Amino acid sequence: MSAPFRERLRRGDRLVGTLLGLPSPELAEIAADAGFDWLFIDMEHGALEARDVLRMVQAVREPAACLVRIPETSEMWIKKALDTGAAGIIVPHVNGAEDAARAVHWSKYPPEGGRSVGFSRANRYGVRFRENVGTANAETVVVAQVEHIDGVRAIEAILAVPGVDAVFIGPYDLSASLNKTGRLEEREVQDAIRAVAAACARARIPVGIFSGGAAGALQAIEAGYTLICVGVDSGLYAEAAAGIVRALKPRNP
Ligand code: 3PY
Ligand code: MG
């Protein structure tokens, strides 16, 4: 059996994941079987409901782990995401230490935090309640997304919050916060990304990033990123489908 995902993350293992935004347990199962270390299940964008996320997490077998990106940093969303039995949460738009501390607080059972206690899939509907309460705080992953220039400026304070296991850079939102929406190649965007990665390296906190394809992901790995998310389910399908059509119907517009 491999080590718990949080341990693998914190010790700096290379963890390659992919983003899922379609409400499909089958796709989650296929991605895990393909060998991805983790799945980025996205409730922030798209239309995934709590029940979709539950079914997707249920479809994924170890050693693959699920991290759920919550829509916003609130007790309700953190509770619902973790109750599915996911390994942890990705918290979007962490712009300062307060946002990070709030996310950690609602992710940990007392005395470390304020996570609400209830029967759910995370504790096998109460059957493994004691076991889960005993291990959850040590195993639950909290990933802070830094994706605004305010978060970049506050990075040292964010990294100092106990319980932040990793930082995940959101290059698209970051570019938007610099009024360069989608223009990731611009120097200002790249400088901001590098500043976050350098701060994480100094603090010895794993850093992750999203990349549209394997080439960008390889560059990120060479630059020291360990939590890598490559591609989006709908985009991967669209690309493969368009490739087939291009090959077989070359004159199609
Ligand atoms: C962004 O680029 O803003 C993201 O959130 C990608 O994960
Ligand atoms: Mg984003």
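Presented here is an overview of the structure given in this document. Predicted model, so just to flag it, every value in this text is computed and none were measured. (Residues numbered from 1 in each chain as written. Chains lettered and ligands numbered in written order. Predicted model: local features only at pLDDT ≥ 70, side-chain atom pairs only at ≥ 80, totals over all residues. Heavy atoms only, no water.)

## Thoughts on the overall build of the protein
Right, on to step 1. Scanning the protein for helices and strands turns up 12 helices and eight strands.
Right, on to step 2. Computed over the C-alpha atoms, the radius of gyration of the protein is 18 Å, within 12% of the 18 Å expected from 2.2 N^0.38 for a compact globule of 253 residues.
Right, on to step 3. Its C-alpha atoms give the protein principal-axis dimensions of about 60 × 40 × 30 Å.
Right, on to step 4. Buried positions account for 48% of the 253 residues belonging to the protein.
Right, on to step 5. Accessible surface for the protein amounts to roughly 12,600 Å². Of this, 54% is attributable to carbon and sulfur atoms.
Right, on to step 6. Here the protein carries 28 positive and 31 negative side-chain charges, and the mean point of each set is 2 Å from the other. (Helix = DSSP H or I, 4+ residues; strand = E, 2+ residues; numbered from the N terminus. Rg over C-alpha atoms; globule rule 2.2 N^0.38 Å. Buried < 20%, exposed > 50% of the residue type's maximum accessible area, 1.4 Å probe, protein only. Areas by Shrake-Rupley, 256 points an atom, 1.4 Å probe, with all protein chains shown as cover. Lys, Arg positive; Asp, Glu negative; His and termini not counted. Charge placed at Lys NZ, Arg CZ, Asp CG, Glu CD.)

## Regarding the coordination of the magnesium ion (ligand 2)
Right, on to step 1. For the magnesium ion (ligand 2), every protein donor is listed as Glu147 (OE) and Asp173 (OD), and the spread of their distances is 2.1 Å. One end of the pair, Glu147, is in the loop between strand 5 (141-146) and helix 7 (149-153); the other, Asp173, is in helix 9 (residues 171-177), with 26 residues separating them in the sequence.
Right, on to step 2. The exposure class assigned to Glu147 is buried, which follows from its relative accessible area of 2%. (Donors = N, O, S within 2.8 Å, 3.2 Å for Na, K, Ca; no water.)

## Thoughts on the packing of aromatic side chains
Right, on to step 1. Here the structure, examined in full by the defined rule, presents four aromatic pairs.
Right, on to step 2. Judged by centre distance (6.3 Å) and plane angle (80°), the ring pair of Trp38 and Phe168 falls under edge-to-face. Placement of the pair is Trp38 in strand 2 (residues 38-42) and Phe168 in strand 6 (residues 166-169), with a sequence separation of 130 residues.
Right, on to step 3. With a relative accessible area of 0%, Trp38 lands in the buried category.
Right, on to step 4. We classify Phe168 as buried; its relative accessible area is 1%.
Right, on to step 5. By the ring-pair criterion, three or more aromatic residues cluster together here, those being Trp38, Phe40 and Phe168. (Phe/Tyr/Trp six-rings, centres within 6.5 Å; stacked < 30°, edge-to-face > 60°.)

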